[in-house]
Amino acid sequence: MKKFRASLLVARVVIVEKDRVLLVRHSDGENEAWVFPGGRVEENESVAAAAIRECKEETGYDVKLHGVCYIQEYDIYYVTYFYSTIIGGEMKLGEDPELPKEKQVLKEVKWVDFEELKNYKVYPRKLADLIQREGFLDCLIPIPETFL
C-alpha cells in the first residue's frame, strides 16, 4: 500500500517589463534566493486568486493574470506561475502575515534587467532563462474564467 503524501499548492507571478523582471529576495539566514513573487494557496482559494493576493502582499502591486507560463513540482510543492501585468499599486517590500517580524524571509523586491539575471541566484533558473526567449508568451495556457 502506498503512503499518502501531502501536497502544497503555490502560486507565483511572472512580471516582465522592458527587458526586466520583478523578483523578490528570500532569505532565512542560511539559504538565499531570488524568486518570482508568490506563495501558498490558502484553503478555499483558487490558485489564480492566490497569485494575485500573494503578489500584492509581497510587492505592493495589483496584477492581472494572462495565463499560465510555467508549472513546477518539487518535494511536496506544486507551483503554478502566471504571466501577469501590473494594473495598480506601488512597489514596496511586503511581509508574510503568517510569520513574526523576526522570522520574515522577504528581504528585498526589485526589478532586474535581463542582462543582469545571470548574476542572481534565481529560482527556478530554467524559468529565468525561458522568459528571455523570443516567443515565450506564445505558449501561455489560458486561465479558466471560473478561476478569475
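Calculation criteria
- Residues numbered from 1 in each chain as written.
- Predicted model: local features only at pLDDT ≥ 70, side-chain atom pairs only at ≥ 80, totals over all residues.
- Heavy atoms only, no water.
- Helix = DSSP H or I, 4+ residues; strand = E, 2+ residues; numbered from the N terminus.
- Rg over C-alpha atoms; globule rule 2.2 N^0.38 Å.
- Areas by Shrake-Rupley, 256 points an atom, 1.4 Å probe, with all protein chains shown as cover.
- Lys, Arg positive; Asp, Glu negative; His and termini not counted.
- Charge placed at Lys NZ, Arg CZ, Asp CG, Glu CD.
- 1 Å grid on protein atoms, 1.4 Å probe; cavity = no way out; pocket = protein on both sides within 12 Å on 5 of 7 lines; lining within 4 Å.
- Points joined across faces, edges and corners; volume = space filled by probe spheres on them.
- Nonpolar A, V, L, I, M, F, W, Y, C, P; charged D, E, K, R; others polar.
- Buried < 20%, exposed > 50% of the residue type's maximum accessible area, 1.4 Å probe, protein only.
- Polar contact = N/O pair within 3.5 Å; in protein donor to acceptor, adjacent residues only side chain to side chain.
- Contact = heavy atoms within 4.5 Å.
- Salt bridge = Lys/Arg side-chain N within 4 Å of Asp/Glu carboxyl O.
- Phe/Tyr/Trp six-rings, centres within 6.5 Å; stacked < 30°, edge-to-face > 60°.
- Lys NZ or Arg CZ within 6 Å of the ring centre and 35° of its normal.

A. View of the overall build of the protein. From N to C terminus, the protein includes 2 helices and 8 strands. In the protein, the succession of α and β elements from N to C terminus is β-β-β-β-α-β-β-β-β-α. In terms of C-alpha radius of gyration, the protein reaches 15 Å, essentially the compact-globule figure of 15 Å for 148 residues. For the protein, the spread of C-alpha atoms along the three principal axes comes to 50 × 40 × 30 Å. On the protein, roughly 9300 Å² of surface is accessible, and the fraction owed to carbon and sulfur atoms is 51%. When the 21 positive and 27 negative side-chain charges of the protein are each reduced to one mean point, those points stand 3 Å apart.

B. A look at the layout of surface pockets. Roughly 760 Å³ of volume is contained in the largest pocket. Around the largest pocket, the lining comprises 30 residues; the ones closest to its centre are Arg12, His26, Gly39, Arg40 and Val105. The dominant element in the lining of the largest pocket, judged by the number of residues it contributes, is helix α1 (residues 47-59), at 4 residues. Across the lining of the largest pocket, the residue classes tally to 13 nonpolar, 5 polar and 12 charged.

C. Quick peek at the side chain of Ser27. Topologically, Ser27 is positioned in strand β2 (residues 20-27). A residue is classified by how much of its surface remains accessible, and Ser27, at 11% relative accessible area, is buried. Within the local environment of Ser27, its side chain forms a polar contact with the backbone nitrogen of Gly29, the two atoms lying 3.3 Å apart. Excluding its chain neighbours within four sequence positions, the residues that come into contact with Ser27 are Glu32, Gln104, Val105 and Lys107.

D. Quick peek at the pattern of salt bridges. Following the criterion strictly, the structure yields 10 salt bridges and no others. Salt-bridge contacts for Arg25 lead to Glu108; the nearest nitrogen and oxygen are separated by 3.2 Å. Residue Arg25 is found in strand β2, and its partner Glu108 is found in strand β7 (residues 106-113); the two are separated by 83 residues along the sequence. For Glu108, a relative accessible area of 28% gives the class partly exposed. Here Glu54 and Arg53 are joined by a salt bridge, their closest N and O atoms 3.1 Å apart. Here the salt bridges do not stand alone but share partners, grouping Glu42, Glu45, Arg53, Glu54 and Glu57 into one network.

E. Fine view of the packing of aromatic side chains. For the coordinates displayed, the defined rule picks out 6 aromatic pairs. Seen in terms of ring centroids, Phe36 and Tyr81 are 5.9 Å apart; in terms of plane orientation they differ by 85°. Their pairing is edge-to-face. You can see Phe36 sitting in the loop between β3 (32-35) and β4 (38-40) and its partner Tyr81 sitting in strand β6 (residues 77-89), a full 45 residues away along the chain. Each member of the pair, Phe36 together with Tyr81, is buried. Each ring, one from Tyr70 and one from Tyr81, has its centre 5.6 Å from the other, and the planes form 70°; the classification is edge-to-face. Remark: Tyr81 occurs in strand β6 and Tyr70 occurs in strand β5 (residues 61-74); sequence separation between them is 11 residues. Among the aromatic residues, ring-to-ring pairing joins Phe36, Tyr70 and Tyr81 into one connected group. Sitting over the face of the ring of Trp111, Arg20 holds its NZ or CZ atom 4.4 Å from the ring centroid.

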